[in-house]
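Topology and contacts: notes
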Amino acid sequence: MIMSKPMGKRSDKPKEKPEFDQYILDLSRVTRVTKGGKHMSFRAGVILGDRRGRVGFGLAKGKDVQLGVDKAVHQAKKNMITIPIVHDTIPHAVVCKFKAATIFLKPAPKGSGIIAGGATRAMLELAGIPNVSSKILGKTKNKVTIVKATFNALQMFKKHHKKEAEVKEAVVTGENQ
């Protein structure tokens, strides 16, 4: 009797770990009303991060849930940013406003962990910042605007960090001469 392999998924290949961890922030059913009737689609908000300083956010719509999530993941990969982590925290305090959401991020001492709520906590965890304190100061409870405000706040570090690196590099080259 000839034994054949079972049909379906191959179990001999080890499943490789994805490059980024993902968190589905928001999944909602949206409807567009037209002359012909109602057209339903799904809106997905996804946060991607490697827990080592890179994070991205994507928001997209699709005809079904899986299409919406896939589009959002693709958009999040395009919108990746790198966050400088200095002494296991962020370089400095920052306040950022996006529409009705205002977010305040400040460095925290080692061992304090992530002190944040809801959508901000998810983004900071996936970014891999071990110690940070945050407060949502705006009057909105909308997760999408809070995440966009947090994302904009994390982008602010990039600009300041480059300037500090250039100043340190200039000091180092000046001392060697």
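Look a little higher up for the structure.
Residues numbered from 1 in each chain as written. Predicted model: local features only at pLDDT ≥ 70, side-chain atom pairs only at ≥ 80, totals over all residues. Heavy atoms only, no water.

1. Let's talk about the overall build of the protein
Within the protein one finds three helices and eight strands. Listed by position from the N terminus, the elements making up the protein come as β-β-β-α-β-β-β-β-α-β-α. Across the 177 residues that make up the protein, the buried fraction comes to 36%. Restricting the contact set of the protein to residue pairs at least 6 apart, pairs at least 24 apart contribute 56%. Surface summary for the protein: the accessible area is close to 11900 Å², and the carbon and sulfur share equals 55%. (Helix = DSSP H or I, 4+ residues; strand = E, 2+ residues; numbered from the N terminus. Buried < 20%, exposed > 50% of the residue type's maximum accessible area, 1.4 Å probe, protein only. Contact = heavy atoms within 4.5 Å. Areas by Shrake-Rupley, 256 points an atom, 1.4 Å probe, with all protein chains shown as cover.)

2. Re a positive patch on the surface
A cluster of basic residues, R32, K61, K63 and K71, forms a positive patch on the protein surface. Here K61 lies in strand β3 (residues 54–62). The class for K61 is partly exposed, based on a relative accessible area of 49%. (Patch = residues over 30% accessible without salt bridge, like charges linked within 9 Å, V, L, I, M, F, W, Y side chains within 5 Å. Salt bridge = Lys/Arg side-chain N within 4 Å of Asp/Glu carboxyl O. Lys, Arg positive; Asp, Glu negative; His and termini not counted. Charge placed at Lys NZ, Arg CZ, Asp CG, Glu CD.)

3. A closer look at the pattern of salt bridges
Applying the stated criterion to the full structure yields four salt bridges. Linking E19 and R54 is a salt bridge whose minimum nitrogen-to-oxygen distance equals 4.0 Å. With E19 in the segment before β1 (21–34) and R54 in strand β3, this pair connects stretches of sequence that are 35 residues apart. Two residues, R43 and D26, come together in a salt bridge whose shortest N-O distance is 2.5 Å. Of the two residues, R43 is situated in strand β2 (residues 37–49) and D26 in strand β1; the sequence distance between them amounts to 17 residues. Note on D26: relative accessible area 12%, which makes it buried.

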